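Okay, here's what each chain looks like letter by letter:
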Amino acid sequence: MGSGYAMKNLTIQNVSKTYFDPYAGANVTAVHDISLKVNQGEFISIVGPSGCGKTTLLNMIAGFLPISGGSINIDDKPIKGPGADRGVVFQTFALFPWKTVGENVGFGPRMRGLPKKECDQIALEFLSLVGLEHVAQKYPNELSGGMQQRVGVVRALANNPDVLLMDEPFASVDAQTRMTLQEELTKIWQERRPTILFITHDVAESVFLADRVVVLSKGRVLEDMPIQLQRPRVWENLIEDDAFKALSSQVLSKVRSA
Amino acid sequence: MMILLKAWSVYLRIAAKFPIIQTILPFIPLVIAWALVTEYEVFPRAFLPGPVDVINAFGTLTYKGVLTQYLEDSVVRLAVGASVGVAIGIPLGLLIGLSDRVREAVWPILLFFQAIGDIAWLPILLVWFGFSLTTMTLIIVYTVLFPIVLNTSLGVRSVSTDLHRAALSLGASKLRVVWEVVLPGALPNIMTGLRNGLGYGWRALIATEIIVGTSGIGFMMFDARRAGSVVEILLGMVVLGTLWYVVDSWVLAPIERATGKRWGLVTQ
Amino acid sequence: MTQRLYSAFKFALPLILLLIFWEFCVQFFQVNARVFPSIEAVFNAGVEAVKDGSIFAHIVASLGRVAVGTLLAVVVSIPLGVAMGLNPIVSDFLSPLFRFFSVLAGIAWIPIATLWFGYGFGAITFVIFNAVFFVVTYNTLLGVASIPMPLRNAAASLGANGWTLLTQVILPGALPNIVTGIRTGLGFAWRGLIAAEMIATNVGLGYMLFLARDFYKTEVIVLGMIIIGLIWLAIDRLILAPVERATIERWGMVRRA
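Draft legend 1. View of the overall build of chain B. From N to C terminus, chain B includes twelve helices and zero strands. When the elements of chain B are put in sequence order from the N terminus, they spell out α-α-α-α-α-α-α-α-α-α-α-α. C-alpha atoms of chain B, sized along the principal axes, occupy 75 × 65 × 30 Å. Restricting the contact set of chain B to residue pairs at least 6 apart, pairs at least 24 apart contribute 69%.

So, in structure tokens, the structure goes:
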């Protein structure tokens, strides 16, 4: 299972987002000025307190929200609305309830026009990454939350996106399952090296997963911190690790000071 | 006391195996009461014939082929009207559900015309198209349209934003999102709209046949009334009610439940 | 306050545009007055009807029948529905019966009603009573039956019994379903009324429409249709919807089943 990803960088340049809030009766600036460069194959975590603009930023990168100012480019080409080049994993899983797990994962390939047989094969291939090939015929509401989100992750991956955007994907899942999912995610990332942008409010999670942690505050970048912890990362080891604890508390104090 | 409870538990077990019994059983005392009332001539026989008379009439009319013909006429009209209503209603409901602009422009008009009601259109349709099949079909289309449009638009709006976005981020074009996500997502509501629409359509059909029909069950009832023959009126009502009850409970309701349940969208 | 005025205006705007469109079409296509009247014709017909008082006679007759029939039906069906719903065995047993008769609501009873009560007030009120009775009873029954047992037990353990249980727990608990039932039943009743008035009487909005048809007086027909629509809108928006909002939504309750 090679990487299969072309060399693509994501450049966010002085991006801002302002919209009119009818309840406040005034303009609200969710994102003031954010610049960020994400290189091919990097795993970036974006942390920050509520209202710091991290979800708005992700929605702009994904193309769900228009940009008010600045630019977002993939390899110098500006993004235009949502597309298969930027895959998204949702906090609510967003699996299509009337399609089987296999049909969900094969959705992206089907949109690209591949024949059904190939889509099914691709689906099985990616489902086996998370050990779920045996539930390909089941419907999403027959699965547990953890299993559903695994499907959500591989559904996005099966489309070979340039960037994988993850919006607090493990927030709806219980703590134990969350830790398992985090470890699985890093494992998949190590094998396939997609570019991942991971939004979370959980500081420990952000440090555990990423190469770089970007702290946002009030619509701006507060800190861009490299994480030089060894991989593979396993919770039992890292919980006692001094470097991990130091980095976590650094990030935490930054987030809290925001 | 124990005997009663034992009998009751036997009944429950049989009913669980054969749900049809639970449906039919309550009608038995009703029919018996009816038969008794007519037997003791509580009301004059001409006003309230008994169940036996109705069954006889059923036999005669079926034998003569009259009942089956009328039934066929009524059902065909409903089918035609409903099909047209669905063909117009679902796309319209889709449009209203998808576009806020369209919704704001069209909604008040829809509500007002729904308030006028189906039967109120009969006189003017008679002026335009006379006592014809067109008139009847149009009334049914009109009646069926509103539940379908309203429920479809409700269903469309109930499809979560995340599902839209998920499809878009997987490479679906806006049109494909409608086909792959919005329509299936709205299906449980569409089924509800269809079920309600057919119910209203059935009633509107009978009303139209009573007022201006030349054939069909409603006409049969009205004609019998003119002839003073209560038996056929009662027969018509029994046939009407039974037919709809059967179709609604054993075909439409299960489909509605099944889609909602499978989609995991029904919280009950 | 201005917010409500604004949304009322937004609601009325498409209708006003529709009126303008109507007048334009009639004038531009030189539509025959017998096929479709102009706004002016309808307005004049309205003025005429007000002057000779006929419109009031029709409206009062129609509303009167609806009011009497509905009131009677509600007064009978709510207690009946509550009584039936309290006992799960009884409610299960009787449900199919009421579902069956809900289907026949209203219109199907017209032929037999005219036979039993003759033409006029009696038959039509019977039809309306019918339309409301079965639907409201069935919904009340459902509402009462679906009040969770723990809720009733909680009330009993807090000392509620008999009358207090009824008024403090059962009725409020079943209220969403009751209100839905009344709203649906009233809809059937209004439609049944118009249909019944077309064939079974000589005064009322339905009769007014049907009579006008005989003389090809489309302006009277359209006038009648508009009035029917406005009355129902008024009943629904100004009475039923606010009642629903005030009770169900304020209590954050969900309609069950």
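Draft legend 2. Geometry of the pairing of strand β4 (residues 69-74) of chain A. Residues and elements named next belong to chain A. Of the strand pairs in this sheet, strand β1 (residues 10-21) and β4 are connected by five bridges, and their pairing is antiparallel. Residue pairing across strands places Ser16 opposite Gly69, the latter belonging to β4. Relative to strand β5 (residues 77-78), β4 runs antiparallel, the two being bridged by two bridges. When the bridges of β5 are listed, Ile74 appears paired with Lys77. Counting the residues that bridge the hairpin from β4 to β5 gives two residues, and of these Asp75 lies at a positive phi of roughly 55°.

Draft legend 3. Seen up close, helix α5 (residues 145-157) of chain A. Counted at 1.5 Å a residue, the expected span for α5 of chain A with its 13 residues is 18 Å, and the 19 Å between its end C-alpha atoms agrees. Burial runs high along α5 of chain A: eleven of the 13 residues are buried.

Draft legend 4. Focus on the interface of chain C and chain B. Counting residues at the interface gives 43 residues for chain C, matched by 39 residues for chain B. For the side of chain C that touches chain B, the element with the highest residue contribution is helix α10 (residues 218-249) of chain C, accounting for eight residues. Split into classes, the residues belonging to the side of chain C that touches chain B amount to 35 nonpolar, three polar and five charged.

Draft legend 5. Spatial organisation of the arrangement of the chains. Where two pairs of chains are in contact, the pair with the most contacts is made of chains B and C. In this structure chain A stays clear of chain C, and the shortest span between their C-alpha atoms is 12 Å.

Draft legend 6. Layout of the confidence of the model for chain C. Scored by pLDDT, chain C comes out at a mean of 83, with 95% of its residues at no less than 70. If you check the scores for this complex, the pTM reads 0.82 and the ipTM reads 0.87.

What counts and how
- Residues numbered from 1 in each chain as written.
- Chains lettered and ligands numbered in written order.
- Predicted model: local features only at pLDDT ≥ 70, side-chain atom pairs only at ≥ 80, totals over all residues.
- Helix = DSSP H or I, 4+ residues; strand = E, 2+ residues; numbered from the N terminus.
- Contact = placed C-beta atoms within 7 Å.
- Pairing = 2+ DSSP bridges.
- Expected span 1.5 Å × (residues − 1).
- Buried ≥ 20, exposed ≤ 12 C-beta atoms within 10 Å, placed from the backbone.
- Nonpolar A, V, L, I, M, F, W, Y, C, P; charged D, E, K, R; others polar.
- pLDDT = per-residue confidence, 0-100.

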